[in-house]
Structures are given as structure tokens and as C-alpha cells.
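Each chain, written out:
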Amino acid sequence: MDSRKFILVALSLVLVLKVSESFDYRDEDLTSEENLWKLYERWRSHYTVSRSLADKRQRFNVFKENLKHVHMVNQEDRPYKLRLNKFADMTNHEFMRHYGSAKVSHYRSLHGSQQQTGFSHENSELPPSVDWRKKGAVAEVKDQGHCGSCWAFSSVAAVEGINKIRTGELLSLSEQELVDCNTVNNGCDGGYMEEAFKFIKKNGGLTTEENYPYTGRDGSCDSYKMNAPMITIDGYETVPPNDEHALTKAVANQPVAIAMDAGGRDLQFYAEGVFSGRCGTELNHGVALVGYGATHDGTKYWIVKNSWGTEWGENGYIRMERGIGAKEGMCGITLEASYPVKNGSDNNQNAAASCRRDEL
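Looking at an unreviewed UniProt entry, one finds the chain named Vignain, with Manihot esculenta as its source organism. Quoted verbatim from the Sequence similarities (unreviewed entry) heading of the UniProt record, the comment on the chain is "Belongs to the peptidase C1 family."

Structural data, given as C-alpha cells:
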């Protein structure tokens, strides 16, 4: 095979693989009950979803309602699109029970409002856009599975980011250590990012994903694995709440852990674009802000790293509208934001500053 044919075959294979990663429907799939059943079976096969015979009818009805919603939204002139993803036969209530259980609002009702710390990024310059993925400070998108451990993924993403900025090394760190060993939080039943930062500092660091791999369920703390910490932090700081400008300054310097309301049905099926749909301020999900920017028409957005796998959203990310005028921001993302502090050498700090200047 000559080089030209090899390249064409390779490109064709890439296109086939890319198409196979996504699931879509056609208008004719909506024309009859029989076609809808075929679509549901095709969806189950695509995502290898196993359902009992007794459960299939109920799940099919949920699937139809979700399909109706996805189709309706995509017919409207919105800056984002939805997709029938792996959550398509789950009700929104079921979805939130498994994937949105950070319970930050509940934690605050028990322990009081967020304790404000110093905010060291107050005098930071603001480049027009920042994307820490392009600076190599964001590890791969992970999948929390049916475990309400989003708080651990949010915290870990922020620690991975500041470690890369300070040391030049990106390491994938262990969410499972936090789930198993950070007993102030509640493992798969929810938790809080600031408590995770406190644990990492007190414990002397956090070990790697490779050393303490994720299982997606509550487990006993493995002290042998835990006592091999790899990454340390010197504490954490909070971002002044209801202040999008302050949050932008923080993200300009490093990835930031935030809480948000992920209960909107559109968020369950988000596929692409700048999200501007309905959501409240019931903080129930932990994510990480890893950048911000604007579209060609001037719409400002945040770059949000999620923990629902790469099949959701834009390869595991969502762009959420920024600068909407409300103090709490889109889905309440300005209400509970914090980030780890890691003191590095002057050389490392200068390197981080140089990275930020590259964004100007």
C-alpha cells in the first residue's frame, strides 16, 4: 500500500471511530412506536445498557420522554445542543441522585456560611481568555460512575492544576483516597471541596491515581496506599462569593474548584455549545473551572471540567455562559469557589506567570 492510500485508510478509520463514539437519531425514528423501540434498542446496544424485561417498558417510556425533550430543545434557536447520551433512560431525579450529590447547600445549612480566607489573586491581571488545558495543567476527564463523589473530582482537578503550574509536572491524582479516607466528607454520599483540601494538607499530600485507583464505591481507607503521598499543598483559599470578576481572576491564575446546580434537564443531555439554559442555585455538584473565553460573536463563557466521562458534553467539558448579570452566575457557580495553595520556588512561580502572559 502506497503512502497516499495508507493516509486515506487511516483518515477513514478515524472518521468511523469518531462517528461510532456518538449516538444520534433521525426524524424517521420518531414516526412510530415500532421505530422508537428500534431506536431504544439501538441506544442500549450502543451504550451496552443492560435492562431486565420487567424494567424495559418503564425505561422505554422514560427514554421516549427524554427523546421528546432533546428533540424539542434542538429545534429551538439556542446557543447549545442536546444529545441522547448514556443517561437517556434515566429520569432527572434518578440522574441527580447518582451524579449530583455534592450536597453543598445541605452542608451549609448544617455548618453555616463559607468561611472566607485571604484572596491572593485580587490584584491579578485579566487576559481576555485562559485555557489551562492548553498549558498542560488539566488531566484527562474521568468518570465518577454511580457514586456521588463529584466533590473529590472537583478538588483533585484543582490540585492537579496547581501542582503542574508550580512544578511543571502533571500527575493524575487519586479521588478514591479522598472517598475512602476523608471521613469528614461522606464518600459516595456527597462531600465538600474545602474539606478535601484540609484533608490533603493535614495528611501530608495526596497519592496518585495509579497508586490508589478509583473504584466508584465507598471503601475502607487503605493506609498503606495513603501513606505514599505524592503531591502536597500548603492550604486553600476561597473566592469572594457573588463576585464573577473575582472568580475570573482566580481562574486566570489556576484551575478552581466550584459547586453548581446541575439539576437542569438540559444539563443532563448537554452536547455542545455555550450553555444558557435553566438552572437554579441549589448547589449539588462539584466541578472545576479550567478557563474562560468568548465566542466569535462575543458571548462570554466558562470552561468547566466535569466528571461524567468523555461521552457527555464536549468531550467531558461544558462551556457555560459568563457575564449574565446575576451575582450568583450561571447555575450558582460564583457562590462556592475555592482553590488549593501550593508554594513553589521563585523559578516555578515565574514560569507560571510566564504561562499567563502567553494568554494575553
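Draft legend 1. View of the overall build of the chain. In terms of helices and strands, the chain carries 12 helices and nine strands. Taking all 360 residues of the chain together, 51% fall into the buried category. Roughly 16,900 Å² of accessible area belongs to the chain as shown, and the carbon and sulfur atoms make up 49% of that amount.

Draft legend 2. A look at helix α3 (residues 53-75). Relative to the 33 Å expected for 23 residues at 1.5 Å per residue, α3 spans 33 Å between its end C-alpha atoms, a close match to the ideal helical length. Taken together, the buried residues of α3 touch α2 (33-46), β1 (80-82), α4 (92-99) and α11 (265-268).

Draft legend 3. Unusual backbone geometry, seen in detail. For Thr48, which is not glycine, the phi dihedral falls at a positive 50°. Considering the arrangement of structural elements, one finds Thr48 in the loop between α2 and α3. Although it is not a glycine, Asn242 adopts a positive phi angle of roughly 55°. Take Asn242: it is sitting in the loop between β3 (235-238) and α10 (244-253).

Draft legend 4. Local environment of the packing of helix α6 (residues 150-167) against helix α8 (residues 193-203). Packing of α6 against α8 brings their axes to within 9 Å, and their N-to-C directions diverge by 55°. Here α6 lies oblique to α8, going by the angle between them. The handedness of the crossing between α6 and α8 comes out as right-handed. Facing Trp151, Ser154, Ser155, Ala158 and Val159 of α6, the residues of α8 in contact are Met193, Ala196, Phe197 and Ile200. Among the residues forming the contact of α6 with α8, the class breakdown is seven nonpolar, two polar and no charged.

About the cut-offs
Numbers given for residues are sequential positions, taken from 1 along each chain in its written order. Totals for whole chains, interfaces and linings use all residues, but because this is a predicted model, local features are given only for residues with pLDDT of at least 70 and pairs of side-chain atoms are given and counted only at 80 or more. Values shown for side chains rest on all heavy atoms present in the structure; no hydrogens or waters enter the calculation. UniProt positions are given in the numbering used here, feature names are shortened, and annotations may be inferred rather than shown by experiment. Helix and strand labels come from DSSP, where a helix needs a run of H or I of at least four residues and a strand needs a run of E of at least two; each type is numbered from the N terminus. Residue exposure (1.4 Å probe, protein chains only): buried if accessible area is under 20% of the type maximum, exposed if over 50%, otherwise partly exposed. Note on areas: these come from Shrake-Rupley sampling with a 1.4 Å probe, and a residue is covered only by the protein chains present in the view. For a helix, the expected span equals 1.5 Å multiplied by the residue count minus one. Contacts were defined at the residue level, with two residues in contact if any of their heavy atoms lie within 4.5 Å. In this description, a line fitted to the C-alpha atoms serves as the axis of each element, helices being fitted only across the stretch in contact, and the angle between N-to-C directions of two axes falls anywhere from 0 to 180 degrees. Just so you know how the angles are binned, under 35 degrees is roughly parallel, over 145 roughly antiparallel, 65 to 115 roughly perpendicular, and the rest oblique. Crossing chirality is assigned from the near helix's rotation relative to the far helix, an anticlockwise turn below a right angle marking it left-handed and a clockwise turn marking it right-handed. Charged means Asp, Glu, Lys or Arg here, nonpolar means Ala, Val, Leu, Ile, Met, Phe, Trp, Tyr, Cys or Pro, and polar covers whatever is left, Gly included.

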